[in-house]
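Take a look at the letters that make up each chain.
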2 protein chains.
Amino acid sequence: MQDITETLQAELIATAHALADAARPVTLAHFRDPAMQADNKAAGGFDPVTIADRGAEAAMRAVLAERRPDDGILGEEFEPVASRSGFTWVLDPIDGTRSYISGTPTWGVLVAVNAGAGPVCGLIDQPYIGERFFGGFGAAYVDGPLGRKDLSVRQGRSLAEATLFTTFPEVGTPAEGEAFRAVSAKVKLTRYGTDCYAYALLAAGQIDLVIEAGLNAFDVQGPIAVIEAAGGIVTDWRGNPVHDGGQVLAAATVELHAAALAILAQVHG
Amino acid sequence: MQDITETLQAELIATAHALADAARPVTLAHFRDPAMQADNKAAGGFDPVTIADRGAEAAMRAVLAERRPDDGILGEEFEPVASRSGFTWVLDPIDGTRSYISGTPTWGVLVAVNAGAGPVCGLIDQPYIGERFFGGFGAAYVDGPLGRKDLSVRQGRSLAEATLFTTFPEVGTPAEGEAFRAVSAKVKLTRYGTDCYAYALLAAGQIDLVIEAGLNAFDVQGPIAVIEAAGGIVTDWRGNPVHDGGQVLAAATVELHAAALAILAQVHG
């Protein structure tokens, strides 16, 4: 981090926002599209989700080609681009496809940039609400319907008082589901199906834990950047770095992280 | 319905919107309130949800006292008011308390007015997104981030192609859960925990089925008004009117309604 000058930090932050700005109109053009009401076959193979997904990532790659041509790219929809600068952008144009096709505004555009390992800054953007959660280089904030607010995880909750969000039972193996349920049985409230928006709520101090499985690097690097900048912790289910994806445990505090990790390790081992 | 003149219809519609307008600032004042980050005990019994809930309903009752003093009121938070006009307003100031306390913008303010039986018009309002789904007197529309759009349920999906939303497993008895899961096993996609927003998505043609249990009149009359105006069907699990609450089955089409009803009846009896 000490190698990234303030000027470069500002450029990376501006680029992250420019990427999200470029993706917004493309994803919104197809969100709640009446064409999605038709069966895919009846509509002759037209698939608005794929079109939106690829279109949004293409728009973001065009921004990078212009602003940061030497940076690498790891995106969901197209081939990776090797980095010549040491920086790599990690892009998920629509995280939460099931939300997107159902009209629920809890999907998001995920952007992060890393210098080889974990992300140095990133964001979670929800275009329909017009809400963007940013984290990195000492800043953590959301811009949304209520203006700009600082992001900060909440403190002082025990596992028994915690709120846990997840995409289980839609994701994960049976064994992973068992481990998830072992934690769920110990918390106050478990809520389901909120996709990447759950990470934003954790960073915003609204919930305490997120547990997921089967994630890719592009699903998790934006959230890691936002949550870490807000004071939270994101690892895999063994406590190791998870920026390459896999089983994810995100927690507001070290105490909650340790408590959930112990249960996951015991059950999933 | 033939007894309600166009002038009276316009007055009821304007009143419904005035009620939602009155509730919005009250619910938003406490949504994502940092005070909610504190444990209730530590905060000395201060409960932002209860304050927002009661404050929003009080604001709505003040509107009715001014505009429609002879109408009855059935609200979640205060005592019922008997109707002298034949009309009764059914109010849920915050439907989806678990969403509200978790920061997820899928809670809503529910408003309906009935003439003794089912609602004649009603709405689902999501203050944080700034989105309002209205139905009644031949109109069905949403006002939101993308402007005003007509609401219409989608057609032509079989049960195997359907998207089902629910608050199970957070609600319901074990027997109700079993019946729910029997339907869930037959659909393409099941999503969880979206509260009243699920009804709005059904009216908007984004999803096909909603199954809930243990609802009250104020949980369901706003949604019934919106969904019926958009062409959908809402009954209990036996196909009977459900405006007094209970087990709810909402469907986009008569075919999907019949298919889900058959499974619920077989399992739940």
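Residues numbered from 1 in each chain as written. Chains lettered and ligands numbered in written order. Predicted model: local features only at pLDDT ≥ 70, side-chain atom pairs only at ≥ 80, totals over all residues. Heavy atoms only, no water.

J.: Describe the pairing of strand β2 (residues 88–95) of chain B, with residues and values.
T.: Residue and element names in this part refer to chain B. Most of β2 is tucked away, with eight of its eight residues classed as buried. Here strand β1 (residues 72–75) pairs with β2 via four bridges, running parallel. Of the residues in β2, the one forming a bridge with G75 is L91. Examined bridge by bridge, β2 and strand β3 (residues 108–114) share six bridges and lie antiparallel to one another. Looking at the pairing, V90 lines up with A112 of β3. (Buried < 20%, exposed > 50% of the residue type's maximum accessible area, 1.4 Å probe, protein only. Helix = DSSP H or I, 4+ residues; strand = E, 2+ residues; numbered from the N terminus. Pairing = 2+ DSSP bridges.)

J.: How would you sum up the interface of chain B and chain A? Please name residues and give values.
T.: Contacts between chain B and chain A engage 42 residues on the former and 42 residues on the latter. The contact between chain B and chain A buries some 3,400 Å² in all, and 49% of this surface belongs to carbon and sulfur atoms. Linking chain B with chain A are four salt bridges. The partner of B:E131 in a salt bridge is A:R32, with the nearest N and O atoms 2.8 Å apart. Put simply, chain B and chain A have twelve residue pairs in polar contact (both at pLDDT 80 or more) between them. Every element with two or more residues in the side of chain B that touches chain A is listed here: α3 (97–102), β5 (131–136), β8 (163–166), β9 (189–192) and α5 (197–203) of chain B. (Contact = heavy atoms within 4.5 Å. Buried area = accessible area lost by both parts, 1.4 Å probe. Salt bridge = Lys/Arg side-chain N within 4 Å of Asp/Glu carboxyl O. Polar contact = N/O pair within 3.5 Å; in protein donor to acceptor, adjacent residues only side chain to side chain.)

J.: If you had to explain the pattern of salt bridges to someone new, which residues and values would you point to?
T.: All names here are of chain A. Taken as a whole, this structure holds 22 salt bridges over all chains when the rule is applied. Measuring nitrogen to oxygen at the nearest pair gives 3.0 Å for the salt bridge that ties R61 to E57. Of this pair, R61 and E57 are both found in helix α2 (residues 48–67), four residues apart, which corresponds to roughly one turn of the helix. What you see here is one network of salt bridges that share partners, running through D21, R24, D125 and R132.

J.: Could you give me a rundown of unusual backbone geometry, with the residues and numbers involved?
T.: Residues and elements named next belong to chain A. You will see that R32, though not glycine, has its phi angle at about 60°, which is positive. Mapped onto the fold, R32 is located in the loop between α1 (6–30) and α2. Overall, R32 belongs to the buried group, its relative accessible area being 14%. Although it is not a glycine, F137 sits at a positive phi angle of roughly 55°.

J.: Which residues make up the packing of helix α4 (residues 174–184) of chain A against helix α7 (residues 254–268) of chain A, and what are the values?
T.: Residues and elements named next belong to chain A. Remark: α4 packs on α7, axes separated minimally by 9 Å, with the N-to-C direction vectors making an angle of 145°. Note on packing geometry: the crossing formed by α4 with α7 is right-handed. Touching A175, E176, E178, A179, F180, A182 and V183 of α4 are A260, I263, L264, V267 and H268, all from α7. Residues of the contact of α4 with α7, tallied by class, amount to nine nonpolar, one polar and two charged. (Axes fitted to C-alpha atoms, helices over the stretch in contact; angles between N-to-C directions. Left-handed = near helix turned anticlockwise from the far one by under 90°. Nonpolar A, V, L, I, M, F, W, Y, C, P; charged D, E, K, R; others polar.)

J.: Got a sec to walk through the environment of B:T166? Specific residues and values, please.
T.: All names here are of chain B. Inspection of the secondary structure assignment puts T166 in strand β8. Remark: the alpha-carbon pair of T166 and A185, spanning 19 residues in sequence, is separated by 13 Å. Once residues lying within four places of it in the same chain are set aside, the contact partners of T166 are F180, R191, Y192, G193, T194, I211 and E212.

J.: Describe the side chain of A:S184, with residues and values.
T.: Residues and elements named next belong to chain A. With respect to the helices and strands, the residue S184 is situated in helix α4. The exposure class assigned to S184 is buried, which follows from its relative accessible area of 15%. Discounting residues that sit within four places of it in the chain, S184 has contacts with L164, T190 and Y192.

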